[in-house]
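Residue-level structural notes
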Amino acid sequence: MRTLLASVLFVVSTMALAGPVYTGGWFGQGPAIKGYDPVAYFTDNQATPGKAEFATTYDDVEWRFASADHRDLFVADPEKYIPEYGGYCAYAMGAKNEKVKVDPTVFSIVGGRLFLNYSSAVREDWLQRRDEYIEAADKNWLQHKNP
């Protein structure tokens, strides 16, 4: 029983250290945005899985890239490529003030910012009131980022 309790406490404590970045893994484990290359959204306008051999760590989270060039672009300016709201669903953050997982293949780039959504249907709803949701999500995210 004590071993189980110690294991649970360890998992909970490491969750707090992982930061507010969506990884898609259990208890905040695994690479950011399920291993997708954050730079490829900008340079290739597509969701591209990253590779473990082109990984780096930023803000205590592993980020994967499709190439060494993409990794180097990220390392030079990580904040430029990190998805908004820790990579959680932009619609859910704006409309409901909730952190909701995403499908990394469903994305939008608006004003040089990367937004991810839960699904294509949710993205369509988000696009209808995009500016309103972004304004609300920007405010809501501050509560999640700095609890």
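The next thing to look at is the pattern of salt bridges. Enumeration according to the criterion identifies 8 salt bridges in this entry. A salt bridge links arginine 64 to glutamate 62; the shortest N-O distance between them is 2.5 Å. The partner of lysine 139 in a salt bridge is glutamate 135, and the shortest N-O contact between them spans 3.7 Å. Residue lysine 139 and its partner glutamate 135 are located together in helix α7 (residues 130-145), separated by 4 residues, close to a single helical turn. In this structure, a network of salt bridges that share partners links the residues Glu84, Arg113 and Asp138.

Further remarks concern the side chain of serine 108. In this structure, serine 108 sits in strand β3 (residues 103-110). The exposure class assigned to serine 108 is buried, which follows from its relative accessible area of 5%. Looking at serine 108, its side chain comes within polar contact range of the side chain of arginine 123, at 3.0 Å. Those residues in contact with serine 108, other than ones at most four positions away along the chain, are Arg113, Leu114, Phe115, Arg123, Trp126 and Leu127.

It is worth spelling out the packing of helix α6 (residues 120-128) against α7 at this point. Two numbers describe a pair of packed helices, the interaxial angle and the distance between the axes. Relative to each other, α6 and α7 sit at 95°, their axes nearing to 5 Å. For the element pair α6 / α7, the angle class is roughly perpendicular. Only Arg130, Tyr133 and Ile134 of α7 make contact with α6, whose side of the interface consists of Asp125, Trp126, Leu127 and Gln128. Here the contact of α6 with α7 is built from residues that sort into 4 nonpolar, 1 polar and 2 charged.

A few words now on the packing of aromatic side chains. Going through the model one piece at a time under the given rule, you end up with 10 aromatic pairs. Each ring, one from tyrosine 58 and one from phenylalanine 74, has its centre 6.0 Å from the other, and the planes form 90°; the classification is edge-to-face. Highlighted residues: tyrosine 58 in strand β1 (residues 51-58) and phenylalanine 74 in helix α3 (residues 68-76), separated in sequence by 16 residues. Here tyrosine 58 falls in the partly exposed class, since its relative accessible area comes to 26%. Residue class for phenylalanine 74 comes out buried when judged on its relative accessible area of 1%.

About the cut-offs
- Residues numbered from 1 in each chain as written.
- Predicted model: local features only at pLDDT ≥ 70, side-chain atom pairs only at ≥ 80, totals over all residues.
- Heavy atoms only, no water.
- Salt bridge = Lys/Arg side-chain N within 4 Å of Asp/Glu carboxyl O.
- Helix = DSSP H or I, 4+ residues; strand = E, 2+ residues; numbered from the N terminus.
- Buried < 20%, exposed > 50% of the residue type's maximum accessible area, 1.4 Å probe, protein only.
- Polar contact = N/O pair within 3.5 Å; in protein donor to acceptor, adjacent residues only side chain to side chain.
- Contact = heavy atoms within 4.5 Å.
- Axes fitted to C-alpha atoms, helices over the stretch in contact; angles between N-to-C directions.
- Parallel < 35°, antiparallel > 145°, perpendicular 65-115°, else oblique.
- Nonpolar A, V, L, I, M, F, W, Y, C, P; charged D, E, K, R; others polar.
- Phe/Tyr/Trp six-rings, centres within 6.5 Å; stacked < 30°, edge-to-face > 60°.

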